[in-house]
Amino acid sequence: MGKALFVTGTGTDVGKTYVTGLIVKKLRDAGYRAGYYKAALSGAVPDAQGTLVPGDVRHVQEAAGIPPGGPAAVSYVYREAVSPHLAALWNDRPIDPERVRADFARAMDYYELLTMEGSGGIICPLRWDAEQKLILDDLIKMLGLGTIVVADAGLGTINAAVLTIEHLQRREIPVRGVILNNYHTGNPMEEDNRRMIEEITGIPVIAAVASNAAELEIDAPRLAALYH
């Protein structure tokens, strides 16, 4: 049985998948048997044969050099670029948490360090019907995971990062660090954003990622120590 860490974001389009690819790549380059898993993906584009291509999953696998042949990297794939709960309703294919638990367990058995990526922000409904209501934070609790929060480095990130962290803490979900994306070293506002997030929450910003960076600037053993 391996160890795992959950990557969430302060919202949609903050670069969560991009940063996740850098995380897994850093670990694999350092010799760890690192892998990736995502419970649900919406906004998949069909290929020439009509098969839905899970773009986020493909990006992480290619960026990190994860070879084919491992356990399922995603449990549910939807075409519509909407919240998973809505895509599930439209397709009459609701997310079954027990299937997610089983797929996650298989990935944990296969990999030494498993990075699980969320969908959207922390309050992302995964299922919302008469039978069951499941939000992303419920899934994290169910799997007993700690988290990394990915946030954009720019204007507004103090509010978004602090609210996300405080919500996770209220739910007693461990927050092991923040990673800022689209960071410009020397930018006084972004450097202040970094300082203020740390001072308000007490959670360290463990890395700051420049736009189109090819590497995550953090020691691999320090990163690996965040997995439990």
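Bear in mind the structure is a predicted one, so any value in this text is a computation, not a measurement.

Draft legend 1. Local environment of the nonpolar core. Ile-23, Phe-104, Met-116, Ile-179 and Leu-216 are the most contacted members of the largest nonpolar core, which totals 74 residues. When residues in this core are grouped by element, the largest group, six residues, is from strand S2 (residues 34–42). Here Leu-216 is in contact with Leu-22, Ile-23, Lys-26, Ile-179, Ala-207, Val-209 and Leu-223, once residues within four sequence places are set aside.

Draft legend 2. Summary view of unusual backbone geometry. Even without glycine at this site, Asp-92 takes up a positive phi of about 50°. Mapped onto the fold, Asp-92 is located in the loop between helix H3 (84–91) and helix H4 (97–110). A positive phi angle is found at Glu-172, which is not glycine, with a value near 60°. Structurally, Glu-172 is set in the loop between helix H6 (157–170) and strand S10 (175–181). Taking relative accessible area as the criterion, Glu-172 reaches 66% and is therefore assigned exposed.

Draft legend 3. Highlighting the sheet that holds S2. The seven strands lie next to each other as S5-S2-S6-S1-S9-S10-S11, forming an open sheet whose pairing is parallel. Looking at strand neighbours, the two that pair on one side only are strand S5 (74–78) and strand S11 (205–209), the edges of this open sheet. The average undirected angle you get between the axes of adjacent strands in this sheet is 25°. In terms of strand pairing, S2 meets S5 through four bridges, oriented parallel. Residue pairing for S5: Ala-40 is matched across the bridge by Tyr-76. Across the face of the sheet, helix H1 (residues 16–29) comes into contact with strand S1 (3–9), S2, strand S6 (113–121), strand S9 (147–152), S10 and S11 while running at roughly 175° to S6. Against the sheet, helix H7 (residues 188–201) contacts S10 and S11, and its axis sits at roughly 160° relative to S11.

Draft legend 4. Focus on the pattern of salt bridges. Enumeration over the complete set of coordinates arrives at 13 salt bridges. A salt bridge links Glu-215 to Lys-25; the shortest N-O distance between them is 2.6 Å. Taken as a pair, Glu-215 in the loop between S11 and helix H8 (220–224) and Lys-25 in helix H1 lie far apart in primary sequence, 190 residues in all. You can call Lys-25 buried: its relative accessible area is 19%. Across the salt bridge formed by Glu-131 and Arg-127, the nearest N and O atoms sit 3.4 Å from each other. Accessibility expressed as a relative area gives 69% for Glu-131, which makes it exposed. Accessibility expressed as a relative area gives 6% for Arg-127, which makes it buried. Through salt bridges that share partners, Lys-25, Asp-29 and Glu-215 make up one connected network.

The rules behind each value
- Residues numbered from 1 in each chain as written.
- Predicted model: local features only at pLDDT ≥ 70, side-chain atom pairs only at ≥ 80, totals over all residues.
- Heavy atoms only, no water.
- Core = buried A, V, L, I, M, F, W, Y, C linked by side-chain atoms within 4.5 Å.
- Buried < 20%, exposed > 50% of the residue type's maximum accessible area, 1.4 Å probe, protein only.
- Helix = DSSP H or I, 4+ residues; strand = E, 2+ residues; numbered from the N terminus.
- Contact = heavy atoms within 4.5 Å.
- Pairing = 2+ DSSP bridges.
- Axes fitted to C-alpha atoms, helices over the stretch in contact; angles between N-to-C directions.
- Salt bridge = Lys/Arg side-chain N within 4 Å of Asp/Glu carboxyl O.

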